[in-house]
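Structural description and commentary
Each chain is listed here by its residues.
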Amino acid sequence: MSQLETPLFTGLLKHMKKNPVQFHIPGHKKGAGMDPEFRAFIGDNALAIDLINISPLDDLHHPKGMIKRAQELAAEAFGADYTFFSVQGTSGAIMTMVMSVAGPGDKIIVPRNVHKSVMSAIVFSGATPIFIHPEIDKELGISHGITPQAVEKALRQHPDAKGVLVINPTYFGIAGDLKKIVDIAHSYNVPVLVDEAHGVHIHFHEDLPLSAMQAGADMAATSVHKLGGSLTQSSILNVREGLVSAKHVQAVLSMLTTTSTSYLLLASLDVARKQLATKGRELIDKAIRLADWTRRQINEIPYLYCVGEEILGTEATYDYDPTKLIISVKELGLTGHDVEQWLREMHNIEVELSDLYNILCIITPGDTEREAGLLVEALRRLSKQFSHQAEKGVKPKVLLPDIPALALTPRDAFYAETEVVPFHESAGRIIAEFVMVYPPGIPIFIPGEIITEENLKYIETNLAAGLPVQGPEDDTLQTLRVIKEYKPIR
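Anyway, here's the lowdown on the structure attached to this text. Because the structure is a prediction, the values reported are computed rather than measured.

So, about the packing of aromatic side chains. This model, assessed by the stated rule, comprises five aromatic pairs. Ring geometry for Y82 and F84: centres 6.4 Å apart, planes at 5 degrees, overall stacked. Using a relative accessible area of 38% as the deciding quantity, one classes Y82 as partly exposed. Judged by its relative accessible area of 5%, F84 is buried.

With that out of the way, let us pick up the sheet that holds strand β17 (residues 435-437). Strand order in the open sheet formed by three strands is β18-β17-β19, and the pairing between neighbours is antiparallel. Looking along the sheet, the strands with just one partner apiece sit at the ends: β18 (442-445) and β19 (469-470). With three bridges joining them, β17 and β18 adopt antiparallel strand pairing. Each residue of the ladder has a partner; that of M436, found in β18, is P443. Across the face of the sheet, helix α15 (residues 453-464) comes into contact with β17, β18 and β19 while running at roughly 125 degrees to β18.

We now examine helix α8 (residues 178-187). Given 3.6 residues per turn, any residue in an α-helix points the same way as the ones three and four places further on. Within the span of α8, buried status applies to L178, I181, V182, I184 and A185. The buried residues of α8 occupy one face: seen down the axis, they fall within an arc of 165 degrees. Of the surrounding elements, those touching the buried residues of α8 are α7 (148-157), β6 (164-167) and β8 (192-196). Two residues or fewer after α8 comes N189, characterised by a positive phi angle close to 65 degrees.

Our next topic: the pattern of salt bridges. Scanning the model with the defined rule gives 21 salt bridges in all. The salt bridge involving E377 is made with R380; its shortest N-O contact spans 3.4 Å. Taken as a pair, E377 and R380 lie in helix α13 (residues 369-390) at a separation of three residues, close to a single helical turn. Look at E377 and you get partly exposed, because its relative accessible area is 33%. Within this structure, E340, R344 and E350 form a network of salt bridges that share partners.

Rules behind the numbers
- Residues numbered from 1 in each chain as written.
- Predicted model: local features only at pLDDT ≥ 70, side-chain atom pairs only at ≥ 80, totals over all residues.
- Heavy atoms only, no water.
- Phe/Tyr/Trp six-rings, centres within 6.5 Å; stacked < 30°, edge-to-face > 60°.
- Buried < 20%, exposed > 50% of the residue type's maximum accessible area, 1.4 Å probe, protein only.
- Pairing = 2+ DSSP bridges.
- Helix = DSSP H or I, 4+ residues; strand = E, 2+ residues; numbered from the N terminus.
- Contact = heavy atoms within 4.5 Å.
- Axes fitted to C-alpha atoms, helices over the stretch in contact; angles between N-to-C directions.
- Arc of directions from axis to C-beta.
- Salt bridge = Lys/Arg side-chain N within 4 Å of Asp/Glu carboxyl O.

Spatial relationships are all this shows, so hold off on functional conclusions.
See below:
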C-alpha cells in the first residue's frame, strides 16, 4: 500500500465522471432537486459525491472494496491493527469503545472529567463507573489527566474492571504518562481505551505527546476533523487486537451508526489520512513553531499568561501539546467568557473555548503569521484597556467543582422514577440528568450523583459569567430532575 493513495476519494471521482442516471437516494439527485441558492453555495462537485452505499461505492457497515482499503491505509498510518471510520463523530467512536468492553453491571475505570459521550455510553451499557479523580490545577482552574498511581490503586481495588479509559491529551493539550498507564492496566489484563479527540496530530510528530497506538493502547477514538483536516463529524476508531476483538468493536460501531453514511465525510477522512501520513510532520512542525512564537508574544503582554513547558513535571502533566494556547486572563479581573465576547465584538476573533479563568486558542496547519499576529495585537489592546482592573491587586479565587458521591449507577438513575424540584432545594437529592459546561462537555453532575451545595454554587457562578451550562431538561436551570423520594407512612 502507498500512503499517497486515496481509494475512497478516487473511487467517488470515477463514479462521478460516469455520471450515472440515479434512481436512488439522496433525493436531491446531484443537486438538481435542491434549493438553488444552497446548491450554488455548496457547489456541484460536493453534491455529485453526496451519495449512498450502492454496490460500486462499498458499504461502511460491511466494507469489502474502496472503504475497506481506505481503512487499511488509515490503520497503517496510525500504527493500528484495524481502523474504522466514524460518521458519528468521536462521540460515536467513544461510545463504541465503552460498549465494546462493558455491559450491565460491569465496572469501567474512568476519569471524572470525561466527555459526556463516555457517560452516555455508561448509561446505555448499564456499566458502573469507577471514578478516578483527575489532578487539579488550582492556578489555572482546570483538570489535567489521571496518574499511573491512581490507575494502579483503582485496579488493585477493582481488578475485575473491564477497561480503563484515559483522556490523551486533554482538551487543553495536557497529557499524562500514557505508556506507564497502559503497562499497568495490561499487567491486570485490562484493556485501555483512549479518548484521543484532541490528539489526531500527535502521532505524526516526535515533539508531541505519545499517541494511543504508540503507547500500546487497545482502542483510541480520534477526531480527525478537530485537528487533522477532515470535515466536521468525521473521526476514526483505532483498534489493537488482543484484549479486544476488532470484529466485536466493528459490530458495536455498526449498531451506533446511521445506515445512510455520508460519503463526503468518508472521503474527507481518506484525504486527511493521506495528508497526515505524507506531509503531517512538516505541516505540524510549522504549526508548533507558529504556536511557540505566539506564546512568547502573549507572555510579554502585562497581566496575561500563556502556558508553556514550565507546566510539565508531574505525573499528570507528563507532556503537553504546544499548539494549544491556554491563556489565563484572571489577573485582568475578567472571566474567560468576558474575553471571548470582547474578542468577538471588538476584533472578529473566535476562540476554541472559554471558562471562568482562561481562553483556549488552537494553532493548526491552517493558520499563518497573519492570524497569529491579529490575536496577539488584539490581546495587547485587551490588556491595555483593562489594566486598571488588574492594578487594583485583587486576584479572583479559583473555584473548582467538587466530585459528588455516586449513589446509584447512571443507568439506574436515568431510568428511575423522577420528580422535578426547585434548583435551590435540590441539595442532598440524587440527580437524574446531566449538567455540564459545554465546551468542553465535562459533567458537573451525572445521573446518580448526590447534589451538593458547592456544585450548585459552581453552576450559578458559570451562569453568572455567561458560560453555557447545558444538559438539564429545564434550560433555565430553575429546576432539576431528581430521583423521586417517597415519604414514610406514619
